[in-house]
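Each chain is listed here by its residues.
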Amino acid sequence: MAVRISSSLLGQIVDEARENPAREVCGLLFGRCDRIEAAASAANVAAHPADSFEIDPQALFAAIRAERGGGPRLIGHYHSHPNGSARPSARDAAAAEPGRYWLIVGGEEALLWRAEADGAGGISFRPMALRPE
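The structure presented is a predicted model; accordingly, all values stated were derived computationally and were not measured. (Residues numbered from 1 in each chain as written. Predicted model: local features only at pLDDT ≥ 70, side-chain atom pairs only at ≥ 80, totals over all residues. Heavy atoms only, no water.)

Draft legend 1. The arrangement of the overall build of the protein in detail. For the protein, the count of helices and strands is three helices and seven strands. The helix and strand sequence of the protein, counted from the amino end, reads β-α-β-β-α-β-α-β-β-β. Against the 2.2 N^0.38 benchmark of 14 Å for 133 residues, the protein shows a C-alpha radius of gyration of 14 Å, consistent with a compact globule. Put simply, the protein has 133 residues, and 38% of those count as buried. For the protein, contacts bridging at least 24 residues in sequence account for 58% of all contacts bridging at least 6. Here the protein has roughly 6,900 Å² of accessible surface; of this, 51% comes from carbon and sulfur atoms. (Helix = DSSP H or I, 4+ residues; strand = E, 2+ residues; numbered from the N terminus. Rg over C-alpha atoms; globule rule 2.2 N^0.38 Å. Buried < 20%, exposed > 50% of the residue type's maximum accessible area, 1.4 Å probe, protein only. Contact = heavy atoms within 4.5 Å. Areas by Shrake-Rupley, 256 points an atom, 1.4 Å probe, with all protein chains shown as cover.)

Here it is in structure tokens:
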């Protein structure tokens, strides 16, 4: 299944990563299973933001509360790997929640993944086709 995203929204996320080469940027993704409709940048509150990320809990909880109140549906997260690839890391797998999308930017590449339970208590990432339009 392909997941659509506007070219301008994808460009904003890639630009945010490019403008912050010394730390991982992160944010929230909103939409439907077949379309990323919006993204909201969030503060990276990780102890070591150069090589890890933690979305500001206030931003995350606000998005969850808004969704429960009829607001946009939270479908996943985005973050960057400033010194790596756009593929999920072991650290990403430890933090992932099944069913959520992970849009990862590494260099000029942006790849979309879906976190899934692996049946052994862990998480695996399934690559998803990302279709800018």
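Here the narrative resumes.
Draft legend 2. Seen up close, the packing of aromatic side chains. For the structure on display, the rule yields two aromatic pairs. Judged by centre distance (5.8 Å) and plane angle (70°), the ring pair of Phe53 and Trp102 falls under edge-to-face. Of this pair, Phe53 sits in the loop between strand S3 (35-42) and helix H2 (57-68) while Trp102 sits in strand S5 (residues 101-106), and the two are 49 residues apart along the sequence. For Phe53, a relative accessible area of 18% translates into the label buried. The exposure class of Trp102 is buried, given its relative accessible area of 2%. Here the aromatic residues Phe53, Trp102 and Phe125 are joined through ring pairs into a cluster of three or more. (Phe/Tyr/Trp six-rings, centres within 6.5 Å; stacked < 30°, edge-to-face > 60°.)

Draft legend 3. Local environment of H2. Across its twelve residues, H2 extends 16 Å between first and last C-alpha, which sits within 8% of the 16 Å expected from 1.5 Å per residue. Backbone nitrogen of Gln58 and a side-chain oxygen of the N-cap are separated by 3.0 Å at the start of H2; the cap is Asp56. Within two residues after H2, Gly70 carries a phi angle of roughly 100°, on the positive side. (Expected span 1.5 Å × (residues − 1). Polar contact = N/O pair within 3.5 Å; in protein donor to acceptor, adjacent residues only side chain to side chain.)

Draft legend 4. Examining the nonpolar core more closely. Counting residues in each nonpolar core, the largest one holds 18 residues, and the members touching the most others are Leu29, Ile36, Tyr101, Leu103, Leu112 and Leu130. When contributions to this core are tallied by element, the ones reaching two or more residues are strand S1 (2-5), helix H1 (7-18), strand S4 (74-80), S5 and strand S7 (123-132). Take this core: its biggest share by element is five residues, from H1. Apart from residues lying up to four places away in sequence, Tyr101 is in contact with Met1, Val3, Leu29, Arg32, Cys33, Ile75, Gly76, His77, Leu112, Trp113, Arg114 and Met128. (Core = buried A, V, L, I, M, F, W, Y, C linked by side-chain atoms within 4.5 Å.)

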